[in-house]
Amino acid sequence: MTADDIDNLLHEARRFPPPADFSQNAVATAELYEKARSEGGPEFWAGQARDLLHWHKPFTTALDWSNPPFAKWFDDGELNVAYNCLDRHVLAGNGDRVAIHWEGEPGDSKSFTYAELTAEVKKAANLLTALGVEQGDRVAIYLPLIPEAVIAMLAVARLGAVHSVIFGGFSAESIRSRVDDAGAKLVITADGGYRKGKSFPLKPAVDKALEPDADGGTSTVSTVLVVKRTGGDVDWHDGRDLWWDEEIAQVDAEHEAKPFPAENPLFILYTSGTTGKPKGILHSSGGYLTQASFTHKTVFDLKPEEDVYWSTADVGWITGHSYVVYGPLANGATEVIYEGTPDTPHPGRWWEIVEKYKVSILYAAPTAIRTFMKLGRQIPQEFDLSSLRLLGSVGEPINPEAWVWYRDVIGAGTTPIVDTWWQTETGAIMISALPGVTTLKPGSAQVAIPGIAVDVVDERLRSAGPDQGGLLVITQPWPSMLRGIWGDPERFIETYWSKFGPTTYFAGDGARFDKDGDIWLLGRVDDVMNVSGHRLSTAEIESSLVSHPMVAEAAVVGASDETTGQAVVAFVITRASQADAAGADDAAAVLRAHVAAQIGAIARPRQVFIVSELPKTRSGKIMRRLLRDVAEGREIGDTTTLADTQVMTIISQTMR
Ligand code: WTA
């Protein structure tokens, strides 16, 4: 965020109180804050856990925080996560309610009632059991956004096993490192999926990922289950590969969900950190499901009998875990899931889907909103969006202009917007308006939800005053907090709990409170970029660049971008011999493609500049701030701490 942006935010004066009829019928009222305050976090959450979930064995203690930062919630309780998302709704007489309206990109569609989805998950659980999956085993899932992705996640959860969903846009290398790190024994994938009007293959990346490496090291995976989606050709590895549909046709339909301890691991989800290696964020069962369910119900004002809810996220991201799979299904919601891109086959596809299914609650990312804004209001205006009554935003700060456009054009000038701040690590929403209670301010995520305690502090943990920027911290444990980084407790402590001690979670975001106590997020304070709401690490992209023989040194920055929030911009010094061989444009194109192949298309730099020097301090640290100035076309800031003060002049000249 630039100083101008922050200045604009400071002067944002528009206010939107909740519509009276919305407040009157709202799920969450102002008393919820009072209740959480008077009861205190653990007791408040214990009450929610009892109200919202079915416990096979009730818990007696809410929180064990005797060994921070390692928390245990509802520790002696037992539950089955999948049972909570499926069977209990059927047993309660809601088996005929639609759980999922799934829409494929080519226009095929399919709906599953809760009874049907439960039946599918039971079969899948039997299949996984037949393939040797047991409690605690890790299963990697690399699928397009098709019903089997949800079914596979729930089947793994049903067995008390641990899923690691790998976004379908990631490369073979990314799959391999995640499969190895988690020690997965099974991978569930598909022949391919549909995006931007075309089919794309998925299985070749899995095949490549599972090949023995250069040292002959083999992967831990013994079975690959393949869902047929596109009907495209696939290479087949006898003895390892199995077709999902053929296998599932042979298993028993009945499956009893067994209870597992509340702290049984539920999933690992890899996310970018400040070093090159992605972190396997670990979440467990009871606390996670409690907060996912609570926030989905209160922040989205869910009325499961009436609403049609749609989160546009892919299950490869945390939003897809908490607000496509676990939150909505635990709450018995009817939801829409869409496989493809927003502009296929026409730029109104999302709005056509809203009209078709009468979507009432829509949860999307600011990048998408800004893209639609550019295309113009006439596109959404061709569709009937009158079913919408609540809009949500997630993943990055939403600028006030996009917020107001979203409300006016998509929300008919009346729907509340909930701007929800949270992270892969927090597991569920932490800061958000409650739509029936809060007077909304465009651009502010507003306040911690009931039961959550946050602060904005300086480097010495002193609370920052109103309108003073600082670091966002979470000061009390929360039920859906990450339980660790898979296989690396030291990195867990070091990353989140070393800056301020073991009871204060450091989120990595800058923030400020305004005079009313509302929170404004100011972007990451570390070397994590946010591109279209997806986290990318500068270090990971730099190490990918230097792995190319042409590259001697690389520095990556997140430059602000009108549509994607930030964009990846790389500055590269090539090896003399190689640089001459390829022209600068060719070299840049090769390196952009190299990063996309190594990490995935989302990491492809918007620009690669071939430069002769990088700006460094006398101690050799790259001054990214100056590179960001260049990348954003700004006047270059203070260069006096550079070892060589001429460097920036040289860089600016080579870029012209
Ligand atoms: C950013 C996504 C401002 C933030 C759920 C955070 C936001 C990172 C918001 C987590 C928001 C997420 N306003 N910034 N409403 N939501 N962020 O793990 O920098 O993919 O630390 O989780 O996204 O990204 P992640």
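This structure is a prediction, so every number in the text was calculated from the model and none was measured.

Caption draft 1: Region of interest: the overall build of the chain. In terms of helices and strands, the chain carries 22 helices and 30 strands. Its C-alpha atoms give the chain a radius of gyration of 24 Å, near enough to 26 Å, the size a compact globule of 656 residues would have. When the backbone C-alpha atoms are referred to their principal axes, the chain occupies close to 75 × 65 × 55 Å. A separation of at least 24 residues holds for 71% of the contacts in the chain among residues at least 6 apart in sequence. If you sum the accessible surface of the chain, you get close to 24900 Å²; carbon and sulfur atoms cover 49% of it. Charged side chains of the chain number 60 positive and 87 negative; the gap between the two group centres comes to 2 Å.

Caption draft 2: How the structure looks around the pattern of salt bridges. Across all of its chains, the model carries 43 salt bridges by this definition. The partner of Lys208 in a salt bridge is Glu173, and the shortest N-O contact between them spans 4.0 Å. Placement of the pair is Lys208 in helix H10 (residues 203-210) and Glu173 in helix H9 (residues 172-182), with a sequence separation of 35 residues. In this structure Glu173 comes out as partly exposed when scored by relative accessible area, which is 35%. Across the pair Arg349 and Glu352 runs a salt bridge, and its minimum N-O distance is 3.6 Å.

Caption draft 3: Summary view of the packing of aromatic side chains. Taken as a whole, this structure holds 34 aromatic pairs when the rule is applied. Their ring planes at 90° and their centres at 5.7 Å tell us that Phe44 and Phe294 sit as a pair that is edge-to-face. In this pair, Phe44 is assigned in helix H4 (residues 41-52) and Phe294 in helix H12 (residues 286-299), connecting sequence segments 250 residues apart. A single burial state applies to Phe44 and to Phe294, both of which are buried. Here the aromatic cluster, defined as three or more aromatic residues joined through ring pairs, consists of Trp65, Phe70, Trp478, Phe492, Tyr496, Trp497 and Tyr505. Over the ring of Phe170 we find Arg178, and its NZ or CZ is 4.6 Å from the ring centre. One cation-aromatic arrangement involves Lys499 over Phe506; the distance from NZ or CZ to the ring centre is 5.5 Å.

Caption draft 4: Broad picture of H9. Among the residues making up H9, those that are buried are Ala172, Ser174, Ile175, Arg176, Arg178, Val179 and Ala182. Buried residues along H9 sit against strand S6 (138-142), strand S8 (186-190), H10, strand S14 (265-271) and helix H20 (584-598). Positioned one or two residues after H9, Gly183 has a phi angle of 60°, which is positive.

Caption draft 5: Main features of the side chain of Ser285. The residue Ser285 is located in the loop between strand S15 (279-284) and H12 in this model. Residue classification places Ser285 among the buried residues on the basis of a relative accessible area of 5%. Within the local environment of Ser285, its side chain forms a polar contact with the backbone oxygen of Asn264, the two atoms lying 2.7 Å apart. Those residues in contact with Ser285 that lie beyond four places of it in its chain are Leu79, Val81, Pro261, Ala262, Asn264, Pro265 and Leu266.

Caption draft 6: Quick look at the site of the ligand. The environment of the ligand is made up of 17 residues, and the closest members are Asp419, Thr420, Thr424, Asp509 and Arg524. A distance of 3.1 Å separates a nitrogen atom of the ligand from a polar backbone atom of Gly395. Residue Thr424 places a side-chain N or O atom 2.5 Å away from an oxygen atom belonging to the ligand. Burial of the ligand by the surrounding chains reaches 96%, relative to a free accessible area of 530 Å². Going through the elements one at a time, helix H13 (318-330), strand S20 (417-420) and strand S25 (519-524) are the ones with two or more residues in the shell around the ligand. Looking at the shell around the ligand residue by residue, the class counts come to six nonpolar, six polar and five charged.

Caption draft 7: View of the sheet that holds strand S19 (residues 390-394). Sheet architecture is open: seven strands sit in the order S5-S4-S17-S16-S18-S19-S20, paired in mixed fashion. The sheet is open, and its two edges are formed by strand S5 (109-113) and S20, each paired on a single side. Neighbour-to-neighbour, the strand axes of this sheet turn through a mean angle of 15°, independent of strand direction. In this structure, strand S18 (residues 361-364) lies alongside S19, joined through four bridges in parallel fashion. For Ile361, the partnering residue across the bridge sits in S19 and is Leu390. Of the strands in this sheet, strand S4 (98-103), S5, strand S16 (308-311), strand S17 (334-338) and S18 are in contact with helix H14 (residues 349-357), which crosses S4 at around 145°.

Caption draft 8: Just the layout of surface pockets, in detail. By volume, the second largest pocket is sized at about 360 Å³. Along its surface, the second largest pocket is lined by 16 residues, and Arg37, Ile449, Gly451, Ile452 and Ala453 are the ones closest to its centre. At the level of secondary structure, the elements contributing two or more residues to the lining of the second largest pocket comprise helix H3 (31-39) and H4. For the lining of the second largest pocket, the leading source of residues is H3, giving three residues. Looking at the lining of the second largest pocket residue by residue, the classes come out as eleven nonpolar, four polar and one charged.

Analysis parameters
- Sequence order sets the numbering: in each chain, residues are counted from 1 along the sequence as written.
- Local features in this predicted model are restricted to residues of pLDDT 70 or higher, and side-chain atom pairs are both shown and tallied only at a pLDDT of 80 or more, whereas totals for entire chains, interfaces and linings draw on every residue.
- Excluding hydrogens and water, the side-chain values take into account all heavy atoms of the structure.
- Put simply, DSSP H or I for four residues or longer makes a helix, DSSP E for two residues or longer makes a strand, and each gets a number counted from the N terminus.
- In this treatment the radius of gyration is a C-alpha quantity, and the globule benchmark scales as 2.2 Å times the residue count to the 0.38 power.
- Any two residues having at least one pair of non-hydrogen atoms within 4.5 Å are treated as being in contact.
- Only the protein chains shown count as cover for residues, with accessible areas throughout obtained via the Shrake-Rupley method and a probe of 1.4 Å.
- When charges are counted, Lys and Arg are positive and Asp and Glu negative, with His and the chain ends excluded.
- By convention, the point assigned to a charge is CZ for Arg, NZ for Lys, CD for Glu and CG for Asp.
- Only one rule defines a salt bridge in this text: a Lys or Arg side-chain nitrogen within 4 Å of an Asp or Glu carboxyl oxygen.
- Here's how the labels work: a residue is buried when its accessible area is under 20% of the maximum for its type, exposed when over 50%, partly exposed in between, all with a 1.4 Å probe on protein chains only.
- Only the six-membered ring of Trp is used, alongside the rings of Phe and Tyr, when aromatic pairs are assigned; centres must lie within 6.5 Å, and planes under 30 degrees apart are stacked while those over 60 apart are edge-to-face, with the rest tilted.
- Two limits define a charge over a ring: the Lys NZ or Arg CZ must be within 6 Å of the ring centre, and within 35 degrees of the ring normal.
- Identification of polar contacts relies on pairs of N or O atoms within 3.5 Å, with a donor-acceptor requirement for protein atoms, meaning one able to donate a hydrogen and the other able to accept it, and with residues adjacent in sequence counted only if both atoms are side-chain atoms.
- Being near a molecule or strand, for a residue, comes down to having at least one heavy atom within 4 Å of it.
- Note on residue classes: Ala, Val, Leu, Ile, Met, Phe, Trp, Tyr, Cys and Pro are nonpolar, Asp, Glu, Lys and Arg are charged, and everything else, Gly too, is polar.
- The rule for pairing is simple: two strands pair if DSSP sees at least two bridges between them.
- Lines are fitted to the C-alpha atoms to define the axes, a helix being fitted only along its stretch in contact, and any angle between axes, read from their N-to-C directions, falls within 0 to 180 degrees.
- Definitions used for this entry: grid spacing 1 Å over protein atoms alone; cavity, a set of points where a 1.4 Å probe fits but cannot get out; pocket, an open set with protein on both sides within 12 Å along at least 5 of 7 lines; lining residue, one with an atom within 4 Å of a point.
- Grid points are joined across faces, edges and corners, and a volume is the space filled by probe spheres set on the points.

The quantities given are spatial measurements derived from coordinates; they are silent on function.
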